[in-house]
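Notes for the structure review
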Amino acid sequence: GRGFAFRRKQKVERQYRKLLKKGRKVHSQQDNQFTDTYPEHLKHLYLAEEEMLKKRRRAPGDSVLSEEKLNKAVDGYGIYGYVCLVIVRIWSTCTFSHRSVMTEGKFKKKTSNQKAKEEYEKIKAERARKREEAEKRKQQREAAQRLYKQKKMEAYKILSKKTKRGQPNLNLQMEFLLQKIQQNT
């Protein structure tokens with residue numbers, strides 16, 4: 001038979017293959033972890049939320065215009081107007097930054113119940129998708145089987161025809177073979 005070295009070699013090969021398989025699983029999980037994929041049934045909500053956040057980020061540019069208006073209005077009031085302007089600027093920046101932090105905090109923190117619900121919805125959507133795909137495959141397979149049976153039946157009817165004396169009708173068989181050859185070419 002084969003010696004101990006051969007068995008040792010096989011054992012090492014199995015361990016190596018197992019290690020490779022584990023490495024592939026870890027890489028695929030890490031790749032999936034950092035991609036932003038939204039469930040199809042919730043995608044429009046996530047996109048709307050992103051749009052809203054983008055608009056909020058643009059708000060400081062809008063405040064520049066309002067500051068220019070304030071500068072024009074304050075010019076007539078001297079130092080008192082300048083102090084008011086500084087207070088308004090500080091107040092607007094503080095409230096804006098505070099507001100953005102609060103809203104981002106609200107969107108980032110999710111309770112365990114919310115996470116469980118999202119996970120359940122993902123699983124439910126995945127199951128529904130798989131069920132639909134299986135149903136489509138089943139219908140296609142059934143349609144292909146019906147077509148195959150129909151062709152077989154037609155071929156059987158043509159090939160099983162007999163003459164008056166009970167002999168096979170060779171003319172019909174030759175025509176059938178001719179049609180088959182023409183269809184293939």
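Just so you know, these numbers come straight off a predicted model, no measurement behind them.

The helix and strand inventory of the protein stands at five helices and zero strands. Ordering the α and β elements of the protein from the N terminus gives α-α-α-α-α. Going through the 185 residues of the protein one by one, you find that 4% of them count as buried. Residue pairs in contact within the protein that sit at least 24 positions apart in sequence constitute 35% of those at least 6 positions apart. Roughly 17,600 Å² of accessible area belongs to the protein as shown, and the carbon and sulfur atoms make up 57% of that amount.

On to the layout of surface pockets, then. Taken as a whole, the second largest pocket encloses approximately 310 Å³ of empty space. Lining the second largest pocket, in full, are K151, E154, A155, I158, F176, Q179, K180, Q183 and N184. Of all the elements in the fold, those that place two or more residues in the lining of the second largest pocket are α4 (112-159) and α5 (170-184). Tallying contributions element by element places α5 first for the lining of the second largest pocket, with five residues. Looking at the lining of the second largest pocket, its residues break down into three nonpolar, three polar and three charged.

Between α4 and α5, the shortest axis-to-axis distance is 8 Å and the interhelical angle comes to 145°. Along the contact surface, α4 presents A155, I158 and L159, while α5 presents L172, Q173 and F176. Taken together, the residues that form the contact of α4 with α5 break down as five nonpolar, one polar and no charged.

Let us now look at the pattern of salt bridges. Evaluation of the coordinates by the stated rule reveals four salt bridges. For E133, the salt bridge is made with R129, and the minimal N-O distance between the two is 2.7 Å. Residue E133 and its partner R129 are both found in helix α4; the two are separated by four residues, about one turn of the helix. Classification of R129 as partly exposed rests on a relative accessible area of 37%. Here the salt bridges share partners, and the residues they tie into one network are E126, R129 and E133.

Here the focus is the environment of E119. With respect to the element layout, E119 can be found in helix α4. You can call E119 partly exposed: its relative accessible area is 44%. Residues E119 and P39, spaced 80 residues apart in sequence, show a C-alpha to C-alpha distance of 10.0 Å.

Low pLDDT means the predicted coordinates in that region are not meant to be read closely. Averaged over every residue, the pLDDT of the protein is 78; residues scoring 70 or more account for 66%. Mean pLDDT values for the elements of the protein range from 54 in helix α3 (residues 78-108) up to 94 in α4. In this model residues 95-101 is a low-confidence stretch, pLDDT under 50, and it forms three contacts with partners more than four residues away in sequence or in other chains.

Among the surface-exposed residues, K18, K21, K22, R24 and K25 lie close enough to one another that they form a single positively charged patch. Inspection of the secondary structure puts K21 in helix α1 (residues 4-33).

Definitions and limits used
- All residue numbers refer to position in the chain's written sequence, counted from 1.
- Owing to the predicted nature of the model, reporting of local features is limited to residues with pLDDT of at least 70; listing and counting of side-chain atom pairs is limited to 80 or more, with chain, interface and lining totals taken over all residues.
- Hydrogen atoms and water are omitted, and side-chain values are computed over all heavy atoms in the structure.
- In this text, helices come from DSSP runs of H or I with a minimum length of four residues, and strands from runs of E with a minimum of two, each type numbered from the N-terminal end.
- Burial classification: accessible surface area is computed with a 1.4 Å probe over protein chains only, and a residue below 20% of its type maximum counts as buried, one above 50% as exposed, and the rest as partly exposed.
- Two residues form a contact once any of their heavy atoms are found within 4.5 Å.
- Values of accessible area rely on a 1.4 Å probe in the Shrake-Rupley scheme; residue burial ignores everything except the protein chains shown.
- Definitions used for this entry: grid spacing 1 Å over protein atoms alone; cavity, a set of points where a 1.4 Å probe fits but cannot get out; pocket, an open set with protein on both sides within 12 Å along at least 5 of 7 lines; lining residue, one with an atom within 4 Å of a point.
- Grid points are joined across faces, edges and corners, and a volume is the space filled by probe spheres set on the points.
- Three residue categories are used. Nonpolar comprises Ala, Val, Leu, Ile, Met, Phe, Trp, Tyr, Cys and Pro, charged comprises Asp, Glu, Lys and Arg, and polar comprises the others, including Gly.
- For helices, the fitted axis covers only the stretch in contact; all axes are lines through C-alpha atoms, and the angles between them, taken along N-to-C directions, range from 0 to 180 degrees.
- Counted as salt bridges are all cases of a side-chain nitrogen of Lys or Arg within 4 Å of a carboxyl oxygen of Asp or Glu.
- Known as pLDDT, the predictor's confidence for each residue is given on a scale from 0 to 100.
- Here, patches come from residues exposed beyond 30% relative accessible area and free of salt bridges, joined within 9 Å for like charges and within 5 Å for nonpolar side chains (Val, Leu, Ile, Met, Phe, Trp, Tyr).
- Counted as positive: Lys and Arg. Counted as negative: Asp and Glu, with His and the chain ends omitted from the count.
- In plain terms, the charge of a residue is placed at NZ if it is Lys, CZ if Arg, CG if Asp and CD if Glu.

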